[in-house]
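Secondary and tertiary structure notes
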Amino acid sequence: MKRRTFISLSAVAAATILIGQNFIPSNRINASDFKSRLPIPPLFEGEEIDGVVNYNLNILEAKHSFFKDVQTDTYAINGTYLGPTLKLKNGKKVSINYTNRLKESTTMHGHGMHLPASMDGSPHQLIDPNDTWSAQYTVKQRACTNWYHPHPEGRTAEHVYKGLAGLMIIEDDESQNLDIPKNYGVDDIPLVLQDRFFDRDGQIYYSPSMMQAMSGYISDTLVTNGAISPYIDVEAKEIRLRLLNGSNSTVYHLKFSDGRDFKQIAVDNSFLQKPVTLDYLRLSPGERAEIIIDLQDSLGKSFYLKELKTDKAFAKFNVSKQVTKTTKIPEVLTKLEKYSLDSVTNRRKFVLSAGMGALYINGESMKMDRIDEIVPINQVEIWEVYNQRMMMGMQHNFHIHGTHFTILERNGKSSNVYDNEKGYKDTVYIGSGENVKLLVKMTDYTDEKVPYMYHCHFLEHEDAGMMGQFIVRKDTI
Ligand code: C2O
Ligand code: CU
Ligand code: CU
């Protein structure tokens, strides 16, 4: 597949002469990049009013500095690119108040949040310009790293690409009591991993061709928390990284430049029962991973978080700071409840496929007024998801709103489920021609009218129709 090259060499030369700026940052580790400090999204703990924790967020048009002396037009939440990190506590009532200051409607979805369908921020909860919409619910889930992003029908990809996304950190008693790094921005570092195309003026360039809608809009410049090739100074101790693949459609293959090991402690919606030692991590769009790197013996060293396929780096770590407080990652992190397979009452099958200019689940493209599945509450179900084998293989993943699942099998075998997938997930990678079996249970919330979504989280695929809707009902079928 041909990657769009819209910046010709002469254009770059012209731009360089004009304003002395080269708009193709290399992200290469030997380049003279990695001179700007990693931005950390501000932490919003909310304001408690009458027992409800309020978060006030403004969705804005903004200008952001990706490049020196250049103002890039963006969409943002409160700042100039991305949004603040919201800190939520399990058991608390929250009201997340989004005011739309854009010239167009959008929505804000709580990805990974267990909440009523009407509070989901799906395509059905459009926020018109100058309106405020509040997501109000009681946080009812385990500690994890979730995120919020727009979800308007057919426009999700563009809105996210322009800069709309932010993290949500959910804490519970367990996470607060574990001996793991918790000092936000210091030893507990959020990393929103994205890639972007910039045009010759340093503006974000989003214009997928039909081919790119199919392949995904895979862009050439890596961006970390809104910065290109940043560095961060860290202490010589255990450091926790909260990784979000916030890209539109790029699967990241992550490794550290010195090949060091790390321990994954959490997936999308929960801790893993035990830390899993890895030296490589695959993260597909929408997925999160929390990892711990042990830097106790690395004082004075520098290394990079690399993307293997492109041989580029997201960020540089300089282990340069004196240790203030050490931690010791425990051997057991949590205990996860397992549903017995005997309790499975229903199976559903979802086939992801592609046609001419449209993408399908079970042969249908998303329709706002069509409900595809009716799911009874409190029933344990198996959802089988197939990435239909095609001549030109396509990668997908599968995301379900409002709940968390576990992965039972990949390609018919439980042994194909990786150790670092054995937690509660909301998004699962499905390679070309592969299939997964998920254990799904919808709990707590029913709504006769407002659906939840399931979809491929490659945003170009989602916008091209690879999405369906389901209602959660009280009665059994
Ligand atoms: Cu991250 Cu339906 O979304
Ligand atoms: Cu979601
Ligand atoms: Cu897809």
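Residues numbered from 1 in each chain as written. Chains lettered and ligands numbered in written order. Predicted model: local features only at pLDDT ≥ 70, side-chain atom pairs only at ≥ 80, totals over all residues. Heavy atoms only, no water.

Looking only at helices and strands, the protein features 5 helices and 32 strands. Against the 2.2 N^0.38 benchmark of 23 Å for 477 residues, the protein shows a C-alpha radius of gyration of 21 Å, consistent with a compact globule. With respect to the principal axes defined by its C-alpha atoms, the protein has extents near 65 × 50 × 50 Å. In the protein, which comprises 477 residues, the share counted as buried stands at 57%. Long-range pairs, those at least 24 residues apart, make up 77% of the contacts in the protein with a sequence separation of at least 6. Just so you have it, the protein exposes about 19,100 Å², and 48% of that area is on carbon and sulfur atoms. In the protein, the 55 positive side-chain charges and the 59 negative ones have mean positions that sit 3 Å from each other. (Helix = DSSP H or I, 4+ residues; strand = E, 2+ residues; numbered from the N terminus. Rg over C-alpha atoms; globule rule 2.2 N^0.38 Å. Buried < 20%, exposed > 50% of the residue type's maximum accessible area, 1.4 Å probe, protein only. Contact = heavy atoms within 4.5 Å. Areas by Shrake-Rupley, 256 points an atom, 1.4 Å probe, with all protein chains shown as cover. Lys, Arg positive; Asp, Glu negative; His and termini not counted. Charge placed at Lys NZ, Arg CZ, Asp CG, Glu CD.)

What follows is about the coordination of the copper ion (ligand 2). Around the copper ion (ligand 2), the donor atoms from the protein are His109 (NE2) and His399 (NE2), and they sit 1.9 Å away. Here the residue His109 occupies a position in strand E8 (residues 109–111), and His399 occupies one in strand E27 (residues 396–400), the gap between them amounting to 290 residues. Assigned by exposure class, His109 and His399 land together as buried. (Donors = N, O, S within 2.8 Å, 3.2 Å for Na, K, Ca; no water.)

Bringing the coordination of the copper ion (ligand 3) into the picture now. The coordination sphere of the copper ion (ligand 3) contains the protein donors His396 (ND1), Cys456 (SG) and His461 (ND1), at a distance range of 2.0 to 2.1 Å. Each donor residue of the copper ion (ligand 3) belongs to the same chain, with the gaps between them written as H-x59-C-x4-H. Separated by 65 residues along the polypeptide, His396 in strand E27 and His461 in helix H5 (residues 459–463) bring together distant segments of the chain. Taken as a pair, His396 and His461 share a single burial class, namely buried.

What follows deals with the nonpolar core. Counting 32 residues, the largest nonpolar core has Trp383, Val385, Phe398, Ile400, Leu438, Tyr454 and Phe470 as the members making the most contacts within it. Look past the residues within four positions of Tyr454 in its chain and what remains in contact with it is Phe350, Ile361, Asp372, Glu373, Trp383, Phe398, His399, Ile400, Met467, Gly468, Gln469 and Phe470. One finds Tyr252, Phe256, Phe262 and Ile291 within the second-largest nonpolar core, a separate group that totals 31 residues. (Core = buried A, V, L, I, M, F, W, Y, C linked by side-chain atoms within 4.5 Å.)

Moving on: the sheet that holds strand E6 (residues 85–89). As summarised here, the arrangement of the 5 strands in space is E2-E6-E11-E10-E8, forming an open sheet in which the pairing is mixed. Two strands in the sheet have a free side with no partner beyond their single neighbour: strand E2 (43–44) and E8. Sheet analysis places E2 next to E6, joined by 2 bridges and oriented parallel. Considered in E6, the bridge of Phe44 is made with Leu86. (Pairing = 2+ DSSP bridges.)

Taken domain by domain, the protein comprises domain 1 (36–173), domain 2 (179–321) and domain 3 (341–473). Computed over C-alpha atoms, the centres of domain 1 and domain 2 are 20 Å apart. At the junction of the two partners, domain 1 supplies 36 residues and domain 2 supplies 42 residues. Of all residues in domain 1, Leu38, Thr145 and Tyr161 give up the largest surface area on contact with domain 2, accounting jointly for 24% of the area buried on that side. Between domain 1 and domain 2 we count 2 salt bridges in total. The partner of Glu171 in a salt bridge is Arg242, with the nearest N and O atoms 3.8 Å apart. (Domains from an automatic or database assignment. Buried area = accessible area lost by both parts, 1.4 Å probe. Salt bridge = Lys/Arg side-chain N within 4 Å of Asp/Glu carboxyl O.)

Let us now look at the sheet that holds strand E30 (residues 435–441). Taken together, 5 strands build an open sheet; the order of strands is E24-E23-E26-E30-E28 and the sheet is mixed. Taken across any chain shown, the strands that pair with only one partner, and hence form the sheet edges, are strand E24 (359–361) and strand E28 (405–410). Strand-to-strand twist of the sheet, defined as the mean angle between neighbouring strand axes without regard to direction, takes the value 20 degrees. Bridge count for strand E26 (residues 380–387) against E30 is 7 bridges, and the pairing is antiparallel. If you follow Val385 over to E30, its bridge partner there is Val436. (Axes fitted to C-alpha atoms, helices over the stretch in contact; angles between N-to-C directions.)

So, on to the packing of aromatic side chains. Summed over all chains, the structure comprises 23 aromatic pairs. When the ring of Phe34 is compared with that of Tyr304, the centres are 4.9 Å apart and the planes differ by 75 degrees; the resulting orientation is edge-to-face. Residue Phe34 is located in the loop between helix H1 (9–19) and strand E1 (36–37), and its partner Tyr304 is located in strand E21 (residues 302–307); the two are separated by 270 residues in the primary sequence. Ring geometry for Phe256 and Phe262: centres 5.6 Å apart, planes at 80 degrees, overall edge-to-face. Overall, Phe256 belongs to the buried group, its relative accessible area being 2%. Owing to a relative accessible area of 3%, Phe262 belongs among the buried residues under this scheme. Here the aromatic cluster, defined as three or more aromatic residues joined through ring pairs, consists of Phe350, Trp383, Phe398, Tyr452, Tyr454 and Phe470. The side chain of Arg196 reaches across the aromatic face of Tyr161, ending 4.3 Å from its centre. Looking at Lys349, its charged tip hangs above the ring of Tyr386, at a distance of 5.1 Å from the centre. (Phe/Tyr/Trp six-rings, centres within 6.5 Å; stacked < 30°, edge-to-face > 60°. Lys NZ or Arg CZ within 6 Å of the ring centre and 35° of its normal.)

Looking now at the environment of Tyr148. Within the fold, Tyr148 resides in strand E10 (residues 144–149). Separated by 27 residues in sequence, Tyr148 and Gly121 place their C-alpha atoms 9.0 Å apart. Within the local environment of Tyr148, its side chain forms a polar contact with the backbone oxygen of Pro84, the two atoms lying 2.6 Å apart. (Polar contact = N/O pair within 3.5 Å; in protein donor to acceptor, adjacent residues only side chain to side chain.)

Next up on the list: the environment of Lys306. Here Lys306 is to be found in strand E21. Here the alpha-carbon distance between Lys306 and Leu408, two residues 102 residues apart in the chain, equals 30 Å. Sequence-distant contacts of Lys306, defined by excluding residues within four places in its chain, comprise Ile29, His253, Leu254, Lys255, Ser257, Asp311, Lys312 and Ala313. Polar contacts involving the side chain of Lys306 include one to the side chain of Asp311, which spans 2.5 Å.

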